[in-house]
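Now for the letters of each chain:
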Amino acid sequence: MKDISKAIRLTDFCGKDDSEIFANAIAYMRANPGTTLVVEPRVYNITSELARNAQEQVMDGAYGEDPMVVMFKPDYTFTRGIHFDGLKDCRIEAYGATVMVDGFMEPISITNCENTLVCGFAIDHKRKPYSKATVTQVEDVPNSSEKKLYLEFDEAHPIKQNTPARLRYVLFNPATNALAWEDYIDEELYTYIDERHIILIKDDGRFDVGSEFYTVHTYHSRPAVLIEYSCNITLQDISIHSQPGMGIVGNRSENITLNSVNIVPSDGHKISTNTDATHFTSIKGKLIIENYRFVGCGDDFTNVHGYYQKIIERVSPRICYIQEKTPDGTHAQTLDYPDVGDVLELSDFRTLKTIDSFKVVDVEPLPNEWKCKVTLDHDLPDNTKNTVMCDVTRLPEVEIRGCYAANHYARGAMIKTRCAIIEQNVFCNIDSTAIVVASEASWYEGANPQNIVIRNNVITEDRSCDKVAGISVRIKCDDPKGYPIKNVSISNNVIHAPRCDHAIELKNIDGVVLSNNKCTVQNDAVIIKNCTNIKL
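Residues numbered from 1 in each chain as written. Predicted model: local features only at pLDDT ≥ 70, side-chain atom pairs only at ≥ 80, totals over all residues. Heavy atoms only, no water.

A few words now on the packing of aromatic side chains. Scanning the entire structure with this criterion turns up 12 aromatic pairs. Plain terms: the ring middles of Tyr63 and Tyr76 are 6.3 Å apart, the flat faces sit at 90° to each other, and that makes the pair edge-to-face. Of the two residues, Tyr63 is situated in the loop between helix H2 (49-60) and helix H3 (68-71) and Tyr76 in the loop between H3 and strand S4 (80-85); the sequence distance between them amounts to 13 residues. Tyr63 gets classed as buried once you look at its relative accessible area, which sits at 16%. Overall, the relative accessible area of 16% leaves Tyr76 in the buried class. Their ring planes at 25° and their centres at 4.7 Å tell us that Phe349 and Tyr444 sit as a pair that is stacked. One end of the pair, Phe349, is in the loop between strand S28 (343-348) and strand S29 (354-366); the other, Tyr444, is in the loop between strand S37 (435-440) and strand S38 (445-446), and 95 residues separate them in sequence. The burial state of Phe349 is the same as that of Tyr444; both residues are buried. (Phe/Tyr/Trp six-rings, centres within 6.5 Å; stacked < 30°, edge-to-face > 60°. Helix = DSSP H or I, 4+ residues; strand = E, 2+ residues; numbered from the N terminus. Buried < 20%, exposed > 50% of the residue type's maximum accessible area, 1.4 Å probe, protein only.)

Structure (structure tokens):
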């Protein structure tokens, strides 16, 4: 039975607004490890002038056509709504509590916490971070197969002349259940009429009068929930209905469990988060994702990886400065660096083949310069021009089990770690491949996966496409060579994609077990290239 001797209620605390009430309760919990906070059921309005101004600036076009360029930066100032910081052995029980966000912010932050459970919250926005319209008229475009769609935005979601509205969008036809995600609308195909009306040229005849249109106004900004510098964290029975960015981001933490978390649209809507449902970087220990529902997310349902770092300066044969070079910076927008004792793998960036491994004996993070200085246990090669380093100690053991993902953009589960089990999940109409096991040089995300088990999953795809619908295991770099991926087992999966070309793709792997998968596709069910030690 749960120990309630240290239980407190949110109504025990006062403040000028809901944010201050939470801050006062959290301060008490920080001073009293082992406390359980019971949050009474109601709507909690979480806002700040800074958050409201951020949303207003985006909608006015003050941050440009792609606000991520301004908002997704380490020096961007933002609001943390409810900030669980420095808690130890605590529980937060918030069943029936809705965090209603007004503005663009990070609604829930979990930092520097140990052995903490957060459960029950729902997160949504007073004014959605996307806009919704209805197709009111469809016209043929002369001398073209394209259609002209007249769109009327609902009263809750007007846009302005300069509102970024061409980044990523969704069309949904309720009459046929057809749904299509698209990235970027060319300017000549988009006409602004007024704050309630636009015209869109679309080369797809599946969308008629009554179809729904959704467009986001930024890609990444802050996540709905951040977990950082923490260990033994559990999120349970959390629902996220919208966020101008990712749903949950975990970074530089150890042992994270997500159980019965739902990232799904609000009633009457078809999209939830603007980008990834979840994203985990530089995690140690275990990452467990169970009994999840992901629907209508604007990018991968999860991506688990470490960062490839360039050697930007050599001080001596064993001392160098390293820097991550991802196109958008780290996903938490904080510096990634190894700890003393971590193992760094050195790889050829052109092939992603491993060259050597080093133990870190000293490290000096330099966040203001966005780099860190590391001392290694033995000498680097003389030439490190085309090499990268990846902290393979900060790669978690991953379990993804009993989840449901549907109707979202990009990939489903994206795995770049050294031990993972993906089992008993259902993937339905994922825009790209449902399960991807890979390292990706272009995103500077690794490392090369090893010891991956994919079993007893069901993957269905109704749409017609030339992609690999079900499972792809490969390295993605300029010149893939050798067998950098090791020990992959794929068994007892059902992949039903009758209008797609392929079900499974396997490349550059040493050690493949492929058994009892049932695939329905147009062409070759399985593609195997440059693999060794294959058991069918």
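The next thing to look at is the pattern of salt bridges. Per the counting criterion, the structure on display carries 39 salt bridges. Here Asp124 makes a salt bridge to Lys128, at a shortest N to O gap of 2.7 Å. Given a relative accessible area of 11%, Asp124 falls into the buried group. Put simply, Asp379 and Arg318 hold a salt bridge, and the shortest N to O gap is 2.9 Å. Of the two residues, Asp379 sits in the loop between strand S30 (371-376) and strand S31 (387-391) while Arg318 sits in the loop between strand S26 (302-316) and strand S27 (319-324), which places them 61 residues apart along the sequence. On the basis of relative accessibility, which here comes to 39%, the residue Arg318 falls in the partly exposed class. What you see here is one network of salt bridges that share partners, running through Lys286, Glu290, Glu399, Arg401, Glu423 and Arg455. (Salt bridge = Lys/Arg side-chain N within 4 Å of Asp/Glu carboxyl O.)

What follows covers H2. Its 12 residues give H2 an end-to-end C-alpha distance of 16 Å, which sits within 8% of 16 Å, the value for a rise of 1.5 Å per residue. Among the residues of H2, those classed as buried are Ala51, Ala54, Gln55, Val58 and Met59. Buried residues of H2, seen end-on, are gathered within an arc of 130° and therefore sit on one face of the element. Looking at the buried side of H2, the elements it contacts are H3, strand S6 (98-102) and strand S10 (130-140). Of the residues one or two after H2, Gly61 is the one with positive phi, at around 85°. (Expected span 1.5 Å × (residues − 1). Arc of directions from axis to C-beta. Contact = heavy atoms within 4.5 Å.)

This next bit is on the sheet that holds strand S12 (residues 168-173). Here we have 7 strands laid out as an open sheet, ordered S13-S12-S16-S10-S11-S15-S14, and antiparallel in their pairing. Among the strands making up the open sheet, the edge pair consists of strand S13 (178-183) and strand S14 (190-194). Each strand axis lies, on average, 25° off the axis of its neighbour in the sheet, ignoring direction. (Pairing = 2+ DSSP bridges. Axes fitted to C-alpha atoms, helices over the stretch in contact; angles between N-to-C directions.)

Side chains of Val526, Ile528, Ile534 and Leu536 sit close together on the surface and give an oily, nonpolar patch of about 340 Å² of accessible area. With respect to the helices, strands and loops of the structure, Val526 is situated in strand S47 (residues 526-529). (Patch = residues over 30% accessible without salt bridge, like charges linked within 9 Å, V, L, I, M, F, W, Y side chains within 5 Å. Areas by Shrake-Rupley, 256 points an atom, 1.4 Å probe, with all protein chains shown as cover.)

Taken together, the 5 bridges between S10 and strand S16 (residues 212-216) define a ladder with antiparallel strand orientation. Along S16, the bridge assignment pairs Ala133 with Phe213. Relative to strand S11 (residues 147-153), S10 runs antiparallel, the two being bridged by 7 bridges. Across the sheet, the residue bridging to Glu139 is Lys148, located in S11. Counted between consecutive antiparallel strands, the loop separating S10 from S11 contains 6 residues, among which Asn143 sits at a positive phi close to 60°.

Another point: the side chain of His241. When you line up the elements, His241 lands in the loop between strand S19 (239-240) and strand S20 (248-251). Among the polar contacts made by the side chain of His241, one reaches the main-chain carbonyl oxygen of Val264 at a distance of 3.0 Å. In this structure, His241 is in contact with Ala122, Ile123, Asp124, Val264, Pro265, Ser266, Ile271 and Ser272, ignoring residues within four places of it in sequence. (Polar contact = N/O pair within 3.5 Å; in protein donor to acceptor, adjacent residues only side chain to side chain.)

Judged by pairing direction, the sheet is parallel, and its 11 strands sit side by side in the order S3-S6-S9-S19-S22-S25-S33-S36-S40-S43-S46 without closing on themselves. The outermost strands of the open sheet, each flanked by one partner alone, are strand S3 (43-47) and strand S46 (518-520). Taken together, the 3 bridges between strand S36 (residues 426-428) and strand S40 (residues 458-460) define a ladder with parallel strand orientation. When the bridges of S40 are listed, Val426 appears paired with Val458.

Ranked by size, the top nonpolar core spans 96 residues in total, and within it Val39, Phe84, Ile110, Phe121, Leu235, Ile248 and Phe294 carry the most contacts. Counting residues per element, this core draws most heavily on helix H1 (residues 18-31), which supplies 5 residues. With near-sequence residues (within four places) excluded, Phe294 lies in contact with Ile263, Ala277, Thr278, Ile289, Phe301, Cys403, Tyr404, Ala405 and Ala406. The next biggest cluster of nonpolar side chains, apart from the first, holds 19 residues, and it includes Ala133, Leu171, Tyr192 and Phe207. (Core = buried A, V, L, I, M, F, W, Y, C linked by side-chain atoms within 4.5 Å.)

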